[in-house]
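# Working through the structure, step by step
Here's the letter readout for the chains.
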There are 2 protein chains.
Amino acid sequence: MSNPSEERWFYEVFPQAGTSFGLEVTSKLHSEKSSFQTIDIYQTTTFGKLMVLDGCIMVSERDHFIYHEMITHPGLFTHPNPRRVAIIGGGDCGTLKEVLKHDNVEAVTQIEIDERVTRMSEQYFPELCELNHDKRATFRFEDGIKWIKAQPAGTWDVIIIDSTDPVGPAKDLFSDQFLSACFKALGEHGILVQQSESPILHTHSIIRDLQRDLNSVGFNHVHTLPFPLPVYPSGWWSATMASKSVKPEHFRNQDAQNKSFDTHYYNHSIHQAALAQPEFMKLTLA
Amino acid sequence: MSNPSEERWFYEVFPQAGTSFGLEVTSKLHSEKSSFQTIDIYQTTTFGKLMVLDGCIMVSERDHFIYHEMITHPGLFTHPNPRRVAIIGGGDCGTLKEVLKHDNVEAVTQIEIDERVTRMSEQYFPELCELNHDKRATFRFEDGIKWIKAQPAGTWDVIIIDSTDPVGPAKDLFSDQFLSACFKALGEHGILVQQSESPILHTHSIIRDLQRDLNSVGFNHVHTLPFPLPVYPSGWWSATMASKSVKPEHFRNQDAQNKSFDTHYYNHSIHQAALAQPEFMKLTLA
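Residues numbered from 1 in each chain as written. Chains lettered and ligands numbered in written order. Predicted model: local features only at pLDDT ≥ 70, side-chain atom pairs only at ≥ 80, totals over all residues. Heavy atoms only, no water.

### Regarding the pairing of strand 3 (residues 38–44) of chain A
Residue and element names in this part refer to chain A. The element strand 3 is largely enclosed, with a buried count of 6 among its 7 residues. The pairing of strand 2 (residues 19–33) with strand 3 spans 7 bridges and is antiparallel. Opposite Ser-31, over in strand 3, you have Asp-40 as the bridge partner. Remark: 4 residues form the turn of the hairpin made by strand 2 and strand 3, two consecutive strands paired antiparallel. The sheet contact formed by strand 3 and strand 4 (residues 49–53) spans 5 bridges and is antiparallel. (Buried < 20%, exposed > 50% of the residue type's maximum accessible area, 1.4 Å probe, protein only. Helix = DSSP H or I, 4+ residues; strand = E, 2+ residues; numbered from the N terminus. Pairing = 2+ DSSP bridges.)

Right, dumping it as structure tokens:
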């Protein structure tokens, strides 16, 4: 039952899940209260630097690649030609970097409500911000919900919702009004990708509700792709993809196989694999 | 940095990984020192009952199904006709239960060094022990290494090594002498499956070494299958399969699709998916 000194550890407790995850830290590098949340940066002993928002782990240097690759590449390799991509949230810029690896992409707009998250990422996670100066990238620091509602119909190919948990400020990013506005802003082959929490903790709640809402606002195909994520609750996470026309299983497999860029988790076999549904998910989401 | 009262939580700290995992508990149901280890049983608030050996989480009621299904069904659906199966370790009997679901199986022997683990599982995890009275099952409580060395050559179809971490008593279950003895005890289409720790923590160490050793003792095909496991370090775990003849990708897909029994994680698509290697594993294990 003993636990090491709290001086040397950061703990995130998930009361609803009845679990706690801790990382050994050597120092707290930064702490501030922005207009939206408390931002803490730690140096850990084994997971590199760690960004924490309101006590919830957002990103670690060691395992962020799995999340950023899986919230980006399956969606972009499903759309037939993703030229215009919007990222709602995503302030650490890791998703932006993955999107910009695609040669088809002509324009990416990142709409993050809290500019301080991006400034902290530039300072402490420069690897995630390597492509921030790409001329295809636009940064807007404002409310993503208002922004998406103001977009002309059919103007985006892919919208990625790279948000925090559906409580507090991010709650409305899971509402059907917001998802409906995304649907309208997407073109005829439009793809939406939403981070969708843990398969083992949330299949019966957030994932099922999100799939239902995505179907109800008009998407023809909705599919949840699980992936591992050691620093998030349960170590198992997911992205839910909604598509207007292309079935998720008909993604551009050959293009993924011949991709011109490096990845650390994603490849065309992993993409195919992430479409497989564990038996309990199949039954619950049927 | 605050952490709830240690009275109400069980914590497992992984010093080498620099991580800690905690589960909220309502009570400690049992604690004993067997001849081999300390066995603790807790009632958790959200993961059901929990068995802990020498401070390391072994099994929880909520997520054990992923481990037990993934250490069993891929191997048994790869062997062309698995009639005789040996389980080294596996004292909680969850793997035995999954093996006995296969109609081909005529005999299963479980060789667990610590009889107390099995007795505790019978008492606190009756669901795992539901098939212990199947007449095809034999229980031996002795050293699995000595046992396997005494087996006549070619007498087993599948050997599953369902052990604790490769430190202390289980260390020799990762040695090439032991793996070589397993190879000899296996028939011409023999399959060995070994629990092989965390892809993100151990691909460069335990998994790479195990693959090398399995190849060096004579197996023609070696493949590591990752799967999620929330209560184990990093929430991501693996089973490594070694085969004398059948390539892992040539498993009995149709039989898996038409399986006569229920599962909660495994199905033929998940089996196929688990054969996909994340990019960093492909590079490290090439």
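### Describing the confidence of the model for chain A
Averaged over chain A, the pLDDT score is 95; the fraction of residues at 70 or greater is 98%. Scored as a complex, the prediction yields pTM 0.96 and ipTM 0.95. (pLDDT = per-residue confidence, 0-100.)

### Concerning helix 3 (residues 115–124) of chain B
Owing to its 3.6 residues per turn, the α-helix brings residues three or four apart onto one side. Buried residues of helix 3 of chain B: B:Val117, B:Thr118, B:Met120, B:Ser121 and B:Tyr124, and no others. Buried residues of helix 3 of chain B fall within an arc of 165° about the axis and therefore sit on the same side. (Arc of directions from axis to C-beta.)

### Digging into the packing of aromatic side chains
How two aromatic rings sit relative to each other is given by the distance of their centres and the angle of their planes. In this structure the tally under the stated criterion is 27 aromatic pairs over all chains. When the centroid spacing of 6.3 Å and the interplanar angle of 45° are considered together, the rings of A:Tyr11 and B:Tyr11 count as tilted. With A:Tyr11 in strand 1 (residues 9–14) and B:Tyr11 in strand 1 (residues 9–14), this pair bridges two chains. Pair check on accessibility: A:Tyr11 and B:Tyr11 agree, each one buried. Residues A:Tyr67 and A:Tyr232 carry aromatic rings whose centres are separated by 5.8 Å and whose planes lie at 65° to one another, so their mutual orientation is edge-to-face. Here A:Tyr232 lies in the loop between strand 11 (221–228) and strand 12 (236–243) and A:Tyr67 lies in helix 1 (residues 64–76), a separation of 165 residues in the sequence. Classification of A:Tyr67 as buried rests on a relative accessible area of 4%. Of the aromatic side chains, those joined through ring pairs into one cluster are A:Trp9, A:Tyr11, B:Trp9 and B:Tyr11. Positioned over the ring face of A:Phe183 is A:Lys244, at 4.1 Å from the centre of the ring. One Lys or Arg, B:Arg84, reaches over the ring of B:Trp156 and ends 4.2 Å from the middle of that ring. (Phe/Tyr/Trp six-rings, centres within 6.5 Å; stacked < 30°, edge-to-face > 60°. Lys NZ or Arg CZ within 6 Å of the ring centre and 35° of its normal.)

### Examining the interface of chain B and chain A
Quoted interface sizes are often the accessible area lost when the parts come together. Contacts between chain B and chain A engage 50 residues on the former and 50 residues on the latter. Between chain B and chain A, a total of about 3,800 Å² is buried, with carbon and sulfur atoms accounting for 62% of that surface. On inspection of chain B and its partner chain A, the count reaches 0 salt bridges. Run the count over chain B and chain A and you get 16 residue pairs in polar contact (both at pLDDT 80 or more). (Contact = heavy atoms within 4.5 Å. Buried area = accessible area lost by both parts, 1.4 Å probe. Salt bridge = Lys/Arg side-chain N within 4 Å of Asp/Glu carboxyl O. Polar contact = N/O pair within 3.5 Å; in protein donor to acceptor, adjacent residues only side chain to side chain.)

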